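An overview of the molecular structure
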Amino acid sequence: MSQKMITAMTLFELSDKIQKKELSSSEITDAYLQKIAETDDKIGAYLTVCADSARKAAKKCDQMPPKGRLWGIPVGIKDNICTKGVKTTCASKMLEDFTPVYDATAWKSLENSGAVLLGKLNMDEFAMGSSTENSFFHPTHNPHDVSRVPGGSSGGSAAAVAAELAPYTLGSDTGGSVRQPAAFCGVVGMKPTYGSVSRNGLIAFASSLDQIGPITKDVRDNALVLDAIRGKDPMDSTSVNSDAPSALSELEKGVKGMKIALPVEFFGEGLSPDVKNSVLSAAKTFEGLGASVDYVSMPLLSEALPAYYILSGAEASSNLARFDGIRYGHRTDEYRDVEELYRKSRSEGFGREVKRRIMLGTFALSAGYYDAYYKKALQMRRMISDLYGSVFESYDLILSPTAPTVAYKLGEKTEDPMEMYLGDIYTVPVSIAGLPALSLPCGKGDSGLPVGMQLIGKAFDEATVYQAAYAYEQSEGGKII
Amino acid sequence: MSVKDFEMVIGLEVHCELSTKTKIFCSCPTSYGAPPNTQICPVCMGMPGTLPVLNRKVVEYAIKAGLATNCTINRHSVQDRKNYFYPDLPKAYQISQYDLPLCEHGWLEIGDEGTKKRIGITRIHIEEDAGKLIHDEKLGTLIDCNRCGVPLIEIVSEPDIRSASEAVGYLKKLRSLILYTGVSDCKMNEGSMRCDVNLSVRKVGECELGTRTEIKNLNSFSSVERAIESEFLRQVEEIEAGGRIVQETRRFDQESGKTSSMRSKENADDYRYFPDPDLLPILTSEEKLKELSESIPTMPDVRRMQVMEDYQLSAYDAELITADPDRTDYFAKTAKLTRYPKTAANLLIGELSEGVGRLSEAHFAGLCDLLGDGVIGSATAKKLIRELTETDADPALLVEQRGLRQITDRRLLTELAQKAVSENPKALQDFAKGKSAAVMSIVGKVMSATGGRADPTLTNTIVSEIFRQELGK
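Note that this is a predicted model, so its numbers are computed, not measured. (Residues numbered from 1 in each chain as written. Chains lettered and ligands numbered in written order. Predicted model: local features only at pLDDT ≥ 70, side-chain atom pairs only at ≥ 80, totals over all residues. Heavy atoms only, no water.)

**Describing the overall build of chain B**
Within chain B, the secondary structure is distributed over 15 helices and 16 strands. Radius of gyration (C-alpha) of chain B: 29 Å, far over the 23 Å computed for a compact globule of 473 residues. Classification of the 473 residues of chain B by burial places 50% in the buried group. Counting only carbon and sulfur atoms, one obtains 51% of the accessible surface of chain B, whose full area is about 22600 Å². Looking at charge distribution, chain B has the averaged site of its 61 positive side-chain charges lying 4 Å from that of its 71 negative ones. (Helix = DSSP H or I, 4+ residues; strand = E, 2+ residues; numbered from the N terminus. Rg over C-alpha atoms; globule rule 2.2 N^0.38 Å. Buried < 20%, exposed > 50% of the residue type's maximum accessible area, 1.4 Å probe, protein only. Areas by Shrake-Rupley, 256 points an atom, 1.4 Å probe, with all protein chains shown as cover. Lys, Arg positive; Asp, Glu negative; His and termini not counted. Charge placed at Lys NZ, Arg CZ, Asp CG, Glu CD.)

In structure tokens, the structure reads:
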């Protein structure tokens, strides 16, 4: 079987081949490693490629009968997820040479299921950004048009799947960092309900918002990976065991009778017409499949963006304080006292966006300002959660665009951070409320670039989200890239 | 104006290391004295991606401390991040508690009958300890993270204390209560109990509080006492000279007995407290609270009263014995086995104040009986006791084997006494001059001659008789 054929397969198709012994893990892994070596210089998805250890792991998998559907299949992991013995940099100079001494729980779950680590994927530094242009090392390019961004912060993870440099990847999502790059790259990305997947080993950006999520070629693959990584972890007090059924088991139920809401404010100003058309067209498709679709007014959602930047900035300012040059990470070469050690190490180690957010967050928590900013943001959070709660009393799903535009050109939004932040308006409110949301491709926009739609569900109701996404995908003839 | 016109206003902050097996947020051991950086893991080292997981024993222990000090236990309590940079703080924040601590509004009582006073306890909260910095001339500053994440309770008193002796009384009482709950071993010299003093002064009769200073580096009750006396004087002198007190942290120096400025607290540090998003609120059920209060043994005050009533001990003696729960149990057991519990009490407070070693209650009781019955004298008892704490031999056996019985033979003692008197004529002369201590010097000679076995009381009587006879002649 040719490299081309192998890398075009979905996770499920590869899994079938392995079960039937028509393909070995070594063959699949080699195909991907080869493709990475040949084409990743154009995309820049990977920061570290683990060729030797991947081959060794693949060989080991081939020596044993497959245990489950992920057995022997290679995966790419975002570089803020700890992989023991493999450099984990968060795309930052601060952790340029950092090697974790333990595995993140989510990665360990995959490894125990026989996954083979291809390498670590590029991202915006410390997950702060929406275009992967904030990576200390290099930007990643959108495989559909290499002059454009892949989105962020999980740009490397999304681009890798879109460019067939990994059959599936793990990314992380705090305000849209799995969903938006999935939309820009024309692949499927899921941010699960907060607490579904352990954050142990995910290098923290905003503790109350971060979640690890799978990025895949299609919906069924995505549900499979999520099943493998979710569940309560004793190492993460915020993780939860839900008695929700496996998403895979409910996949083919269809959308007959489902009630879908469209937040009317999300379809007004600021939304690019090509994106609007694609998403509304998807809404029509859902109606055709038996669902009912209504506009619903949710004006408070516009308050989510400022609340998000305050909450995430505050938590980040605290989470990133440990990078002080004392025990690990970058330490400046010369210093006269500990103050200087701190100041220089952090000034040298962090990029501009990271510094910006740390300062914002520190300010929001500082004496005299806590009530005006952080406390208010917490109250807004409560109100937004309640708003979603009230909508979900009458609806099963909410449908919206994932991002206001298709992928833009590299360098286009780097001058104005606010412009960059505004790209998150549809994804951020969902994160604030901790709800599950999936982005899947729903057409092509201007310049033939992918458009993504976002399906948002009730807490721990990933099953309904996947169901609707699968129904749509199948009606459009299977996976769309 | 003088010192007499001023009063000191003191609040004490006490940190106790909880004696749980493992740390507060990870499963590293908490044992004292391990080689540096051998009791650490990614969590307590604050490595990227790690998360804290609360050790529930820590909560239970803290609640017990709160119950023992009459606190209200907050059924809903929150852990907050206290953010600051320091090399001994791996995450650059300490997980502590801010406005919803586990325990609040408690008190304890100090003083004896007639002088009892209540000292309020504002709050008790849980937090993690930081590491240790060691300054080495050649290598620079070394960091030992073994202590990072060791669980602490911080006990904050109301500023109700008005003297150094009240402060020490509070600390002794607090220590005793905590020892009884079993949640900490409260050893100031090992750092499992640390005390910071907050002290301000004001003119007697004033209601407003003066500016306070915080005094650290106090590692014994006597340091606390000396530091308070010294700082009180310093502040009064400063004010009388027209100066003002700077809000600052001061370090107590053992050698000089004085405090010196450590760092200025002019602008209080902004710790940017916020609830830790990695941890859930601590919710305590009524059943759990009941279970915990039932698990607390009888508290020292009650046991002190019991011991005073049952054995007619003085309040002072009872206090000394019941300060420590182990000692109280030891005494109680011994008192049941001996006919002379008061003797046991005296020896416990005296010869055995450093500890009973291996001496069993049964053999201790045996010793008390021998002493109480007059079979041996107190000098013999004191000599034996040292040995018994090491060997736990049967004292009755030793007395027989070594012929340690007290000499009560009048004839023999009179012989020896007369011999001593004739050999020491000066003693008789001194007695004639009215120096009653002369008797003791002859008694001493008789004791030496008998290897300490002469019955001292009887000998005393005999010597007095001899003296009077001689003088009568």
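**Points about the overall build of chain A**
When helices and strands are tallied, chain A shows 17 helices and eleven strands. Here the C-alpha coordinates of chain A stretch approximately 65 × 55 × 45 Å along the principal axes. Classification of the 481 residues of chain A by burial places 62% in the buried group. Restricting the contact set of chain A to residue pairs at least 6 apart, pairs at least 24 apart contribute 74%. (Contact = heavy atoms within 4.5 Å.)

**Some thoughts on the pattern of salt bridges**
Residue and element names in this part refer to chain B. In the structure shown here, the tally under the stated rule is 51 salt bridges over all chains. Measuring nitrogen to oxygen at the nearest pair gives 4.0 Å for the salt bridge that ties Arg339 to Asp369. One end of the pair, Arg339, is in the loop between α7 (325-337) and α8 (341-349); the other, Asp369, is in helix α9 (residues 361-372), and 30 residues separate them in sequence. We classify Asp369 as buried; its relative accessible area is 16%. (Salt bridge = Lys/Arg side-chain N within 4 Å of Asp/Glu carboxyl O.)

**Points about a negative patch on the surface**
On the surface, a cluster of negative charge is made up of B:Asp5, B:Glu237, B:Glu238 and B:Glu240. Accessibility expressed as a relative area gives 33% for B:Asp5, which makes it partly exposed. (Patch = residues over 30% accessible without salt bridge, like charges linked within 9 Å, V, L, I, M, F, W, Y side chains within 5 Å.)

**A look at the sheet that holds strand β15 (residues 274-275) of chain B**
Strand order in the open sheet formed by three strands is β5-β4-β15 (chain B), with antiparallel pairing between adjacent strands. With partners counted over all chains shown, the strands left at the sheet margins are β5 (93-96) and β15 of chain B, one partner each. Note: strand β4 (residues 80-83) of chain B against β15(B), two bridges, orientation antiparallel. Residue pairing in the sheet places B:Arg81 in a bridge with B:Phe274 of β15(B). Packing against the sheet, helix α11 (residues 304-319) of chain A makes contact with β4, β5 and β15 of chain B, and its axis sits at approximately 60° to β4(B). (Pairing = 2+ DSSP bridges. Axes fitted to C-alpha atoms, helices over the stretch in contact; angles between N-to-C directions.)

**A closer look at the nonpolar core**
Grouped together as the largest cluster of nonpolar side chains are 159 residues, with contacts concentrated most on A:Leu110, A:Phe126, A:Phe286 and A:Tyr388. With nine residues, α11(A) is the single largest residue contributor to this core. (Core = buried A, V, L, I, M, F, W, Y, C linked by side-chain atoms within 4.5 Å.)

**Observations concerning the sheet that holds strand β8 (residues 292-296) of chain A**
Residues and elements named next belong to chain A. If you trace the eleven strands from one edge of the open sheet to the other, you get β1-β3-β2-β4-β6-β5-β10-β11-β9-β7-β8, paired in mixed fashion. The open sheet terminates on both sides in strands that have one partner only, identified here as β1 (46-49) and β8. On average, each strand axis in the sheet is inclined to that of its neighbour by 30°, with strand direction left out of account. Relative to strand β6 (residues 211-216), strand β5 (residues 188-191) is paired through two bridges, and the arrangement is antiparallel.

**Regarding the pairing of strand β1 (residues 6-17) of chain B**
All names here are of chain B. Judged by how many residues are buried, β1 sits mostly within the fold: twelve of twelve residues are covered. Summarising the sheet, β1 and strand β10 (residues 151-157) pair through five bridges and their orientation is antiparallel. Note on β10: the bridge partner recorded for Glu13 is Val156.

**Considerations on the packing of helix α5 (residues 300-311) of chain B against helix α6 (residues 315-322) of chain B**
All names here are of chain B. Following both chains from N to C, one finds α5 and α6 inclined at 130°, their axes separated by 9 Å at the closest point. One element, α5, and the other, α6, form an angle in the oblique class. For the crossing formed where α5 meets α6, the hand is right-handed. Contacts from Pro300, Arg303, Arg304, Val307 and Met308 of α5 reach α6 at Ala315, Ala318, Glu319 and Thr322. Here the contact of α5 with α6 is composed, by residue class, of five nonpolar, one polar and three charged. (Parallel < 35°, antiparallel > 145°, perpendicular 65-115°, else oblique. Left-handed = near helix turned anticlockwise from the far one by under 90°. Nonpolar A, V, L, I, M, F, W, Y, C, P; charged D, E, K, R; others polar.)

**Concerning a nonpolar patch on the surface**
Taken together, A:Phe363, A:Tyr369 and A:Tyr373 make up a surface patch of nonpolar side chains, about 280 Å² in accessible area. By the secondary structure assignment, A:Tyr369 is in the loop between α13 (352-365) and α14 (371-394).

**Describing the interface of chain B and chain A**
Residue-level contacts link 29 residues of chain B with 36 residues of chain A. Interface of chain B and chain A: buried area, both sides summed, is about 2700 Å²; carbon and sulfur atoms make up 62% of it. By the criterion of area lost to chain A, the three top residues of chain B are B:Pro48, B:Leu51 and B:Phe85, representing 23% of everything that side buries. In this structure, the connection of chain B to chain A is made through one salt bridge. There are 17 residue pairs in polar contact (both at pLDDT 80 or more) connecting chain B and chain A. Among the elements of the structure, β4 and β15 of chain B are those that each provide at least two residues to the side of chain B that touches chain A. Here the residues of the side of chain B that touches chain A are counted per class, giving 20 nonpolar, four polar and five charged. (Buried area = accessible area lost by both parts, 1.4 Å probe. Polar contact = N/O pair within 3.5 Å; in protein donor to acceptor, adjacent residues only side chain to side chain.)

**Quick notes on the environment of A:Thr39**
Residues and elements named next belong to chain A. Along the polypeptide, Thr39 turns up in helix α3 (residues 25-43). Given a relative accessible area of 24%, Thr39 falls into the partly exposed group. Sequence separation between Thr39 and Gly129 is 90 residues; the distance between their C-alpha atoms is 25 Å.

**Section: the packing of aromatic side chains**
All chains considered together, the criterion is met by 23 aromatic pairs over all chains. Judged by centre distance (5.8 Å) and plane angle (75°), the ring pair of A:Phe126 and A:Phe350 falls under edge-to-face. Here A:Phe126 is found in the loop between β3 (116-121) and α6 (155-162), whereas its partner A:Phe350 is found in the loop between α12 (338-349) and α13, with 224 residues between them in sequence. A relative accessible area of 3% places A:Phe126 in the buried class. With 5.4 Å between their ring centres and 50° between their planes, A:Tyr342 and B:Phe85 make a pair best called tilted. (Phe/Tyr/Trp six-rings, centres within 6.5 Å; stacked < 30°, edge-to-face > 60°.)

**Considerations on helix α2 (residues 11-19) of chain A**
Residue and element names in this part refer to chain A. Those residues of α2 that fall on the buried side of the exposure criterion are Leu11, Phe12, Leu14, Ser15 and Ile18. Along the axis of α2, the buried positions cluster into a sector of 160°, meaning they face one direction only. Downstream of α2 by a residue or two, Lys21 has a phi angle that is positive, lying close to 60°. (Arc of directions from axis to C-beta.)

**Examining the pairing of strand β9 (residues 140-144) of chain B**
Here five bridges tie strand β8 (residues 132-136) of chain B to β9(B), and the two strands are oriented antiparallel to one another. From the neighbouring strand, B:His135 faces β9(B), where its bridge partner is B:Thr141.

**Quick notes on the confidence of the model for chain B**
Do not read the fine detail of predicted coordinates wherever pLDDT is low. On average, residues of chain B score 92 in pLDDT, and 99% of them reach the 70 mark or higher. This complex was scored by the predictor with a pTM of 0.90 and an ipTM of 0.96. (pLDDT = per-residue confidence, 0-100.)

**Brief notes about the side chain of A:Asn319**
Position of A:Asn319 relative to the elements: it lies in helix α11. The exposure class of A:Asn319 is buried, given its relative accessible area of 3%. Not counting the four nearest positions on each side in its chain, A:Asn319 is found in contact with A:Ala204, A:Phe205, A:Ala206, A:Ser207, B:Arg81 and B:Tyr93.

**Considering α14(A)**
Counted at 1.5 Å a residue, the expected span for α14(A) with its 24 residues is 34 Å, and the 34 Å between its end C-alpha atoms agrees. Regarding α14(A), the residues found buried are A:Tyr374, A:Ala377, A:Met380, A:Arg381, A:Ile384, A:Leu387, A:Tyr388, A:Val391 and A:Phe392. (Expected span 1.5 Å × (residues − 1).)

**Here's the deal with the state of the cysteines**
Summed over the entire model, instances satisfying the criterion amount to zero disulfides over all chains. There is no disulfide at A:Cys90, and the cysteine sulfur nearest it, in A:Cys82, is 7.5 Å away. Take A:Cys90: its relative accessible area is 1%, and that puts it in the buried class. B:Cys16 takes part in no disulfide bond, and the closest cysteine sulfur to it belongs to B:Cys186, at a distance of 4.2 Å. Judged by relative accessible area, which is 1%, B:Cys16 ranks as buried. (Disulfide = S-S within 2.5 Å.)

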